[in-house]
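Structural overview
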Amino acid sequence: MSTSVENKSKRERFHAIRRLCENASEFATQYFSPGPENLQFIREARILVIGAGGLGCELLKDLALSGFGQLDVIDMDTIDLSNLNRQFLFRESDIGHSKAEVAAAFVSRRVSTCKVMAHHCAIEEKSPAFYKQFHVIVCGLDSIKARRWINSMLCDLVEMSEDGEIDSSTIIPFVDGGTEGFKGNVRVIYPKMTACVECLLDLYPPQVNYPMCTIAHTPRLPEHCVEYVKAIEWPKEKPFDGESLDADRAEHVDWVLERAKSRAEIFGIKGVDHRLCLGVLKRIIPAVASTNAVVAASCALEVLKLVSNMAMPLDNYLNFSQTDGVHCAVVQLDRNHKCLACGENKAVMHIEPTATFETLMERLKEKFHLTSPDIRVGTRPLYVISDLMPELKETSEGNLIRPVSELIDGGVELLLTDPSLNRALTVQINFAE
Amino acid sequence: MREIRYDRQLRLWGNEGQSSIEAAAICILGADALATEIGKSLVLAGVGSIVIIDGEFVTDDDLGSNFFYEDAQLGQQRGQAAASLLQELNPSVKVSGIDAQITKLQGQDILAYGKFSLVIATNLLESRAAILSDEIFQAGIPFINCRTYGLVGYIRVSAAEHHIMNTRTENPRPDFRLDAPFPELVALFDELDFGAMDHEKFKHTPYIFLLMQALKMFRENKKDPQAFPKSYAERKQIVELISSLSHSQGLDEENLEEAVAAVNRCMHPTLIPSSVQEIFDSPKCSENTKTTDPFWMICYALKQFVERHGYLPVSDSLPDMSSDSKSYARLLNAFRQKAEQDAEEMLELTREVEQTRGTEALISQEQCRKFCKGSRFVAILRGTPIKHDMENGWNKAVEELSTSHGEDNDVAPITWFILLRAADRFMEVKKRHPGTNGVPMSLDVALLSNCVAEVIADSNVKEKTIAAGNVPRKAIEEFCRFGSSFPHVTAALIGGIVAQEAIKLTTNQYIPLNDTLIINLHSQKSWTARF
């Protein structure tokens, strides 16, 4: 086929999208004006897909077949055999390779009208300038931490004009999808305009954490036995020359499994097997191809709407569930004006002056969903654990048992940094009498 | 290998679900994006075999909307081309394509292509699907009809009789048998002396015993050894009795909190659920029937078990309870032993049924155990054929339309169902989709409005004008805008849902759609109906 014939032939494609773009509709947004330039805009729009896993693979396919011509995909993971029941761009021969690179190459090859650029790295490695180049960002992530990070980045990219109004040209709309088993959700977020990930943090189910006293003294479930070996026996016995526990290594998993079985035996607990052990160690979320397909298609459709205005966007949170019949329900969720990412970004916490610093830290971790915060007052470190500054470890740990009032005055602002935040968080500490 | 590859789904439907999936033979009619998207999820899940029947050839538009064609396949037979690219997703599945014009097939022709466990039709005119599916329905093979039209999706599940053996309900209400405790449970309870317990011992007592103790006190107060709380007020008394057991005003007594929280959920008489009773009442569940269908044989065994004992077999799925390890382990063991004992008895009864009906042992011990574990949730769905939607079902649909009213920009979901039928009428008369003749759209809007009036006239509903008036012009215009538009995203979304419904029908787990679903992708809301 000569190039000109080939190009003509490719123009025949996307008939479905062209009909939607070129015909007027009462269901379109007020900004929609029908015409061929809409498809042109779709072709040229810059879209970033975050995650090349179950949702990411589907998203790349869906967007490429919706007429998008330039996609970027970012993922730091490599391909594993257990991905192949749903991540359909990968084959057994791809195991161990970069998800982003294999997915990008596959979609670019299969859909000749679309070029996908791969970024095999963590999202935190990219600068604000990188994120700024996109018209819409769509996320298919399995981690709340990564979602919060990108959410906060996109909120920070929104600029204010001199009169304090939001400069809407700096808003990058953001579509977020998530799945677990036969359930999923989709949301459309305009950073600083509508409810963001941080505003709705309480929607995520709390992580299953078994109380340490149950694990140590009154285990009843097979999960308790695995958690015990992981939290107590491994650090104590330091197997494999003191290596840290890696659930991707079969010999590590087998070690834990054997120990967990013995513990279960002692307490008369049944059901410790390999599948369960791996599930606990890796905190595995069950996943099937079909739910990923549904949630990703819903996300891709929203991207298409945002770019073309050909239909009203989702307003603003979709719940999908398919265990008992089929349910797609939409709710409107409101912003939290005290939100740390898109609101006033100033938090206050009250504490008794006699409480220990450790108590304060635990409350901060709980309230702001932090994993391992470093805490400072201005430049003075109160609690900083870092390989780069080993000398701070002793003071930091010493501070934990001291009363808060010995360390700070009431009304002081603490500066918190944490792996789940993309910038420091300021919390004013007031003493409660 | 299989264990790791399927790990994330085995955690949902278990080895028994996976085995059913691997034994399934699924036929897909059509090879457009909707068909291949369904195929994709099923191939990934590991179904035994898939046959794609289609009589078209790969066009340029297919290449732009269907991921399972590549440029080099332009002009090739679609079924075979799609099968070859779907096959790459999973070497364990047998995927093949058959070249046949679907519009010329009868149900018998499809049945002749293979021994299918499920047939899925994609984007057929409804009248066509009704004719085609009739013999398949009669043969007892489940059928799913599905369509995409612009931003509207439609799914219809049609199975004469579907058995649900495991609903996999999240957080099911515990089956504690508080009104009818079995002897092993009573023995454990009798060991406890609440009056003599210290705080340490009390707070490590599993909450089921607190419920039993409160019930005992309730009965003593009422001077009626059979009394059982019936009303909210009586359950409140139970809560107070539980609280009176506290050693520390409820502080540091998680078991007490758990017991209080469980009262409203668990203090119910142990009854035979109506869905199970419905099965017992079926003619197929009696000694007069000759059926050798394993489901009906084990259900008949279950019926005899219930006649003998008054209750279903005990289930050993017990929730976690705050407790010391030993007390919980002993409690769980009591439930397990009883469940085991009941399952053994059920297996004997089942063997007797099999013997009487002259079959070999069709139900394994493991299957019997699983069946007993979930016997409270066993249910049947009796479906109607697609042709029902052309007859009595259609009257109901138009009736629904005549009483519907949309809100704001939301058009009532029934409207889209009616419009699909009207667009079919348009297609049958004009041999093209509405909005596709290159003339001003308003002409086709008028023609499609006429089709709406015509299909409404096919019903026996009296208020035909009211019904027609409830189809807003903007919805008719929207259908003309869609015309022959089959966007990939709609296909991907509907395809994913259909694949999961196919998994439900195949595994007898979860609860299938009953029976019609409309999704409007403007709002992304779904609507379920049964006409």
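Residues numbered from 1 in each chain as written. Chains lettered and ligands numbered in written order. Predicted model: local features only at pLDDT ≥ 70, side-chain atom pairs only at ≥ 80, totals over all residues. Heavy atoms only, no water.

The name given to chain B in an unreviewed UniProt entry is NEDD8-activating enzyme E1 regulatory subunit, with the source organism recorded as Mesorhabditis belari. For chain B, the Pathway (unreviewed entry) comment in UniProt is given as "Protein modification; protein neddylation." Listed under Sequence similarities (unreviewed entry) in UniProt, the entry text for chain B is "Belongs to the ubiquitin-activating E1 family. ULA1 subfamily." (UniProt positions renumbered as here; feature names shortened; annotations may be inferred.)

Under an unreviewed UniProt entry, the name given to chain A is NEDD8-activating enzyme E1 catalytic subunit, and the organism recorded is Mesorhabditis belari. According to the UniProt record, the Function (unreviewed entry) comment for chain A is "Catalytic subunit of the dimeric E1 enzyme, which activates NEDD8." Turning to chain A, the UniProt annotation filed under Pathway (unreviewed entry) states: "Protein modification; protein neddylation."

Quick look at the state of the cysteines
All names here are of chain A. Applying the stated criterion across every chain yields a total of zero disulfides over all chains. Unpaired in terms of disulfides, Cys 121 finds its nearest cysteine sulfur in Cys 139, a separation of 14 Å. Taking relative accessible area as the criterion, Cys 121 reaches 12% and is therefore assigned buried. (Disulfide = S-S within 2.5 Å. Buried < 20%, exposed > 50% of the residue type's maximum accessible area, 1.4 Å probe, protein only.)

Examining the UniProt feature "active site" (unreviewed entry) in chain A
Residue and element names in this part refer to chain A. When the UniProt feature table is mapped onto this chain, "active site" (unreviewed entry) is found at Cys 213. Tracing the sequence through the fold places Cys 213 in helix 8 (residues 212-217). Of the residues examined, Cys 213 reaches a relative accessible area of 51% and is grouped as exposed. (Helix = DSSP H or I, 4+ residues; strand = E, 2+ residues; numbered from the N terminus.)

Remarks on the sheet that holds strand 2 (residues 70-74) of chain A
Remark on secondary structure: sheet strands pair via backbone hydrogen bonds, oriented parallel or antiparallel. Residue and element names in this part refer to chain A. As summarised here, the arrangement of the eight strands in space is 3-2-1-4-5-6-7-8, forming an open sheet in which the pairing is mixed. Each edge of the sheet is formed by a strand with only one pairing partner; in this case those strands are strand 3 (115-119) and strand 8 (327-331). Each strand of the sheet is rotated relative to its neighbour by a mean of 15°, with strand direction disregarded. Of the strand pairs in this sheet, strand 5 (residues 174-180) and strand 6 (residues 183-189) are connected by seven bridges, and their pairing is antiparallel. Within strand 6, the position partnered with Gly 178 by the bridge is Asn 185. Docked against the sheet, helix 5 (residues 99-110) engages strand 2 and strand 3, running at close to 175° with respect to strand 3. (Pairing = 2+ DSSP bridges. Axes fitted to C-alpha atoms, helices over the stretch in contact; angles between N-to-C directions. Contact = heavy atoms within 4.5 Å.)

Focus: the packing of aromatic side chains
Considering all chains together, one arrives at 25 aromatic pairs over all chains under this definition. The interplanar angle of 70° and the centroid separation of 4.6 Å between the aromatic rings of Phe182(A) and Tyr510(B) together place this pair among those described as edge-to-face. Taken together, the positions of Phe182(A) in the loop between strand 5 and strand 6 and Tyr510(B) in the loop between helix 22 (488-507) and strand 9 (516-520) put the pair across two chains. For Phe182(A), a relative accessible area of 4% puts it in the buried group. Here a set of aromatic residues connected by ring pairs shows up, and it is made of Phe27(A), Tyr149(B), Trp416(B), Phe479(B), Phe482(B) and Phe486(B). Its end group placed over the ring of Phe67(B), Arg110(A) keeps NZ or CZ at 5.2 Å from the ring centre. One cation-aromatic arrangement involves Lys40(B) over Phe88(A); the distance from NZ or CZ to the ring centre is 4.7 Å. (Phe/Tyr/Trp six-rings, centres within 6.5 Å; stacked < 30°, edge-to-face > 60°. Lys NZ or Arg CZ within 6 Å of the ring centre and 35° of its normal.)

Regarding the interface of chain A and chain B
Counting from both sides, the interface comprises 81 residues of chain A and, opposite them, 87 residues of chain B. Area buried by chain A at its contact with chain B is led by Phe27(A), Arg110(A) and Arg275(A), which between them contribute 13% of it. Along the contact surface separating chain A from chain B lie 11 salt bridges. With a shortest N-O distance of 3.8 Å, Glu70(B) and Arg110(A) are connected by a salt bridge. (Buried area = accessible area lost by both parts, 1.4 Å probe. Salt bridge = Lys/Arg side-chain N within 4 Å of Asp/Glu carboxyl O.)

Here's the deal with the environment of Lys230(B)
Residue and element names in this part refer to chain B. Here Lys 230 shows up in the loop between helix 10 (207-222) and helix 11 (232-244). For Lys 230, a relative accessible area of 71% puts it in the exposed group. Residues Lys 230 and Pro 269 lie 39 residues apart in sequence; the distance between their C-alpha atoms is 8.6 Å.

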